[in-house]
Amino acid sequence: MLIKRPTDYLPSEITSETVYRRRREFVKAAAAGTILGATGGTARADDSGLRQLANVAASPLSTFEKPTADKYVTHYNNYYEFGTDKSDPVQHAGRLKTRPWTVAVEGECRKPRTFAIEELLKFPLQERVYRLRCVEAWSMVVPWIGFELGALLRQVEPTGNAKFVEFTTAYQPDAMIGVRLPVLDWPYVEGLRMDEAMHPLAILAVGLYGEVLPNQNGAPIRVVVPWKYGFKSAKSIVRIRLAGKQPSTAWEKASPREYGFYSNVNPNVDHPRWSQQRERRIPEFFARRDTVIFNGYGDQVAQLYAGMDLKKYF
Amino acid sequence: MQPTQGQIGALKALVFVAAVVPFGHLALSAIWFPDALGANPAEFITRSLGDWCLRFLLATLAVTPLRRATGWNWLLRLRRMLGLFAFFYAVVHFTSYVAFDHLFVVVEILKDIVKRPFITVGFSALLLLIPLAATSTNAMVRRLGAHRWRALHRLVYPIAMLGVLHFWWMVKRDVTEPAIYGVVLALLLAHRLVHAWREARSGRATGAHAVRPDGAGPEAQVPAPTQPAARAASGADSAALRSTDRSPA
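Definitions and limits used
Residues numbered from 1 in each chain as written. Chains lettered and ligands numbered in written order. Predicted model: local features only at pLDDT ≥ 70, side-chain atom pairs only at ≥ 80, totals over all residues. Heavy atoms only, no water. Helix = DSSP H or I, 4+ residues; strand = E, 2+ residues; numbered from the N terminus. Buried < 20%, exposed > 50% of the residue type's maximum accessible area, 1.4 Å probe, protein only. Areas by Shrake-Rupley, 256 points an atom, 1.4 Å probe, with all protein chains shown as cover. Phe/Tyr/Trp six-rings, centres within 6.5 Å; stacked < 30°, edge-to-face > 60°. Lys NZ or Arg CZ within 6 Å of the ring centre and 35° of its normal. Salt bridge = Lys/Arg side-chain N within 4 Å of Asp/Glu carboxyl O. Pairing = 2+ DSSP bridges. Contact = heavy atoms within 4.5 Å. Buried area = accessible area lost by both parts, 1.4 Å probe. Nonpolar A, V, L, I, M, F, W, Y, C, P; charged D, E, K, R; others polar. Lys, Arg positive; Asp, Glu negative; His and termini not counted. Polar contact = N/O pair within 3.5 Å; in protein donor to acceptor, adjacent residues only side chain to side chain. Axes fitted to C-alpha atoms, helices over the stretch in contact; angles between N-to-C directions.

Undergrad: Whenever I open this one, the overall build of chain B confuses me. Can you help?
TA: Secondary structure assignment for chain B yields eleven helices and zero strands. Going residue by residue from the N terminus, the α and β elements of chain B occur as α-α-α-α-α-α-α-α-α-α-α. Residues classed as buried in chain B amount to 47% of the 249 residues present. Summed over its atoms, the accessible surface of chain B is roughly 12,400 Å², and 71% of this surface lies on carbon and sulfur atoms.

Undergrad: Explanation requested: the packing of aromatic side chains in the structure shown.
TA: The relative placement of two aromatic rings is captured by the distance of their centres and the angle of their planes. Throughout the structure, instances matching the rule amount to 27 aromatic pairs over all chains. With 4.8 Å between their ring centres and 85° between their planes, Tyr79(A) and Phe82(A) make a pair best called edge-to-face. With respect to burial, Tyr79(A) and Phe82(A) carry one shared label: buried. Ring geometry for Phe167(B) against Tyr181(B): centres 5.8 Å apart, planes inclined by 65°, an arrangement best described as edge-to-face. Here Tyr181(B) lies in helix α9 (residues 176-206) and Phe167(B) lies in helix α8 (residues 156-170), a separation of 14 residues in the sequence. Like Tyr181(B), Phe167(B) is buried. One aromatic cluster is present, formed by Phe16(B), Phe23(B), Trp52(B), Phe56(B), Phe85(B), Phe88(B) and Tyr89(B) through successive ring pairs. Geometry around Trp274(A) places Arg273(A) over its ring, the cationic atom sitting 5.8 Å from the centre. Against the face of Trp251(A) rests Lys172(B), its NZ or CZ located 4.8 Å from the ring centre.

Undergrad: Whenever I open this one, the pattern of salt bridges confuses me. Can you help?
TA: If charged atoms from side chains of opposite charge come close, those side chains can pair. Residue and element names in this part refer to chain A. Enumeration according to the criterion identifies 28 salt bridges over all chains in this entry. As a salt-bridge pair, Arg239 and Glu106 come within 3.4 Å of each other at their nearest N and O atoms. Of this pair, Arg239 sits in strand β10 (residues 237-243) while Glu106 sits in strand β1 (residues 102-107), placing them 133 residues apart in sequence. Of the residues examined, Glu106 reaches a relative accessible area of 28% and is grouped as partly exposed. Two residues, Glu119 and Arg113, come together in a salt bridge whose shortest N-O distance is 2.2 Å. Since its relative accessible area comes to 31%, Glu119 is described here as partly exposed. Look at Arg113 and you get partly exposed, because its relative accessible area is 34%. A single salt-bridge network, built from bridges that share partners, covers Glu65, Arg131, Arg133, Glu279 and Arg281.

Undergrad: Would you explain the pairing of β1(A) in this entry?
TA: As a general feature of sheets, a regular strand has side chains that alternate between the two faces. Residues and elements named next belong to chain A. In this structure, β1 lies alongside strand β2 (residues 113-116), joined through four bridges in antiparallel fashion. Counted as the bridge partner of Thr102 is Ala116 from β2. Where β1 hands over to β2, the hairpin turn is made up of five residues, counted between the paired strands. Two elements, β1 and β10, share four bridges in a ladder whose sense is parallel. If you follow Ala104 over to β10, its bridge partner there is Arg239.

Undergrad: Hey, could you run me through the interface of chain A and chain B in this one?
TA: Frequently, the measure chosen for interface size is the accessible area removed from exposure when the parts meet. In this assembly, 34 residues from chain A lie in contact with 30 residues from chain B. Summing the contributions of chain A and of chain B, the shared interface buries around 2,600 Å²; its carbon and sulfur component is 54%. On the chain A side of the interface with chain B, the three residues burying the most area are Arg273(A), Arg278(A) and Phe285(A), jointly 26% of the side's total. The tally of links from chain A across to chain B stands at six salt bridges. Linking Lys71(A) and Asp35(B) is a salt bridge whose minimum nitrogen-to-oxygen distance equals 2.5 Å. Counting only elements with at least two residues in the side of chain A that touches chain B, the list comes to α2 (35-38), α3 (70-73), α8 (250-254) and β11 (278-281) of chain A. In terms of residue class, the side of chain A that touches chain B is built from 21 nonpolar, five polar and eight charged.

Undergrad: Looking at this model, I keep getting lost on the side chain of Arg222(A). Mind explaining?
TA: Residues and elements named next belong to chain A. Relative to the helices and strands, Arg222 is located in strand β9 (residues 222-224). One buried charged residue, Arg222, remains without a salt bridge, the closest side chain of opposite sign being Glu190 at 11 Å. At 2.9 Å, the side chain of Arg222 forms a polar contact with the backbone oxygen of Asn217. What Arg222 contacts, discounting residues up to four positions off in sequence, is Trp144, Ile203, Leu204, Ala205, Leu213, Asn217, Ser233, Ala234, Lys235 and Ser236.

Undergrad: Could you clarify how one ought to interpret the sheet that holds β1(A) in this entry?
TA: Strands pair in a sheet through their backbones, by hydrogen bonds, and they do so in one of two ways: parallel or antiparallel. Residue and element names in this part refer to chain A. Ordered by their spatial adjacency, five strands build an open sheet running β2-β1-β10-β5-β6, and the pairing between neighbours is mixed. Unpaired on one side and paired on the other, β2 and β6 (189-193) mark the two borders of the sheet. The average angle at which neighbouring strand axes cross in this sheet is 20°, direction not considered. Bridge count for strand β5 (residues 164-169) against β6 is five bridges, and the pairing is antiparallel. Within β6, the position partnered with Glu166 by the bridge is Gly191.

Quick look at the structure:
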């Protein structure tokens with residue numbers, strides 16, 4: 001497992017001091033006019049600029065691997081609503097309107113309701129440093145801030161009929177230049193099985209690197225499911241629907257042969273486009289890391305799939 | 001417009017330098033400042049090299065239509081270099097993929113080539129380019145004879161098609177970019193079809209490969225009578241030179 005090798009990195013290092021140093025990096029990079037710096041930093045949800053999130057607790061579920069530098073995490077994004085190039089979101093996501101913002105939680109539950117983003121930010125926040133493995137065979141380590149998805153779902157009291165959870169991403173054609181092309185069936189829809197959604201590792205993230213989530217990373221609130229390929233973690237969500245049937249998801253609709261509903265990180269299930277045996281940790285040159293089943297979270301999540309043929313349910 | 005030998009030499013040097021710049025930029029950035037190439041410099045390098053390979057392929061294929069449109073036959077003298085740069089970028093593109101993605105593990109590379117159609121077609125294009133590069137010298141043109149040489153070098157058409165297909169199948173969803181390359185290639189190939197069709201028609205009409213109506217054989221415009229190979233090296237389209245090149249058919 002990837003976790004085994006100890007590093008000299010401490011969880012306490014990742015917030016205040018790192019943020020401080022990172023700003024210096026931005027300034028330097030911007031001055032150098034590099035690709036990573038030229039766009040002038042990150043588009044934060046708030047016009048007031050970089051904003052710290054307060055009262056963030058550490059979590060034993062965090063990995064001790066060194067987080068990928070913020071400049072990479074915020075400048076290399078798949079967020080097709082803002083363009084299909086990974087440098088597009090940081091340039092265009094600034095136009096996303098993140099206030100007012102509500103998330104409707106509905107469907108198979110006793111107390112459906114709509115939450116304002118301000119209410120959601122009051123959930124007890126934790127930092128979760130997670131590995132992120134993209135289906136495109138690259139990976140990062142991201143210090144998310146958020147709360148357990150299950151904590152929100154329990155508030156609406158799911159009924160026994162709730163077998164799946166469907167997430168819908170915002171659709172703002174005026175802001176999202178990418179939705180002009182029918183690249184995917186907009187709005188972006190993703191989904192999880194109920195037990196996956198209730199797993200303590202599945203979170204709703206509202207922050208990154210100690211601060212409010214940048215738009216290009218899915219502001220103001222997004223799903224993070226660290227044992228699945230990145231596209232399963234829907235960004236900028238506006239609706240969570242508890243469903244009896246398996247939702248039809250955006251990538252599955254686009255290419256069912258390539259993107260299954262489960263899409264658990266699995267080196268043994270070959271993808272028609274990319275070998276999933278190894279991965280490239282951003283910003284390294286060589287794809288030298290062996291990909292681990294469930295992205296290294298097997299100890300926690302493997303039992304969710306006991307007895308399932310993971311090649312069939314890929 | 002007929003530039004002097006010296007001018008053509010200078011132009012060639014200029015094109016050479018310009019063609020090396022993208023590679024130099026990528027290589028130097030990779031060594032000294034990979035951040036300039038983004039968060040995933042290896043992917044950026046592989047893709048840029050692939051882009052440049054396609055661009056040089058299309059540039060090579062643009063020489064003949066451009067020459068016919070402008071009458072600048074000396075453009076042919078840049079073509080070999082453009083073609084060789086297409087090959088160069090294909091080789092470094094492939095090298096960066098086997099190095100960065102596969103750490104030179106041969107079994108893995110072979111599996112990838114067999115399993116993934118976009119890699120199969122890309123690799124095929126690379127293989128097909130090898131004989132063209134190998135026979136690009138004047139000596140090889142002489143050895144093969146102009147006719148066989150031209151026949152061989154018509155491979156560049158399927159190679160370019162495979163190249164665009166490789167790009168098309170590589171992208172996940174948004175095919176805008178490969179479509180642009182595809183349209184340019186289609187136009188360049190359509191030009192040849194139309195030209196061949198006109199040739200055939202005027203050939204039937206006059207009963208032979210005609211002398212140009214103005215009486216001046218286009219051969220006279222080939223600028224290098226002292227280099228017998230240069231004409232042959234102009235490749236698949238030099239046949240066109242011999243006939244009704246710009247006849248108002």
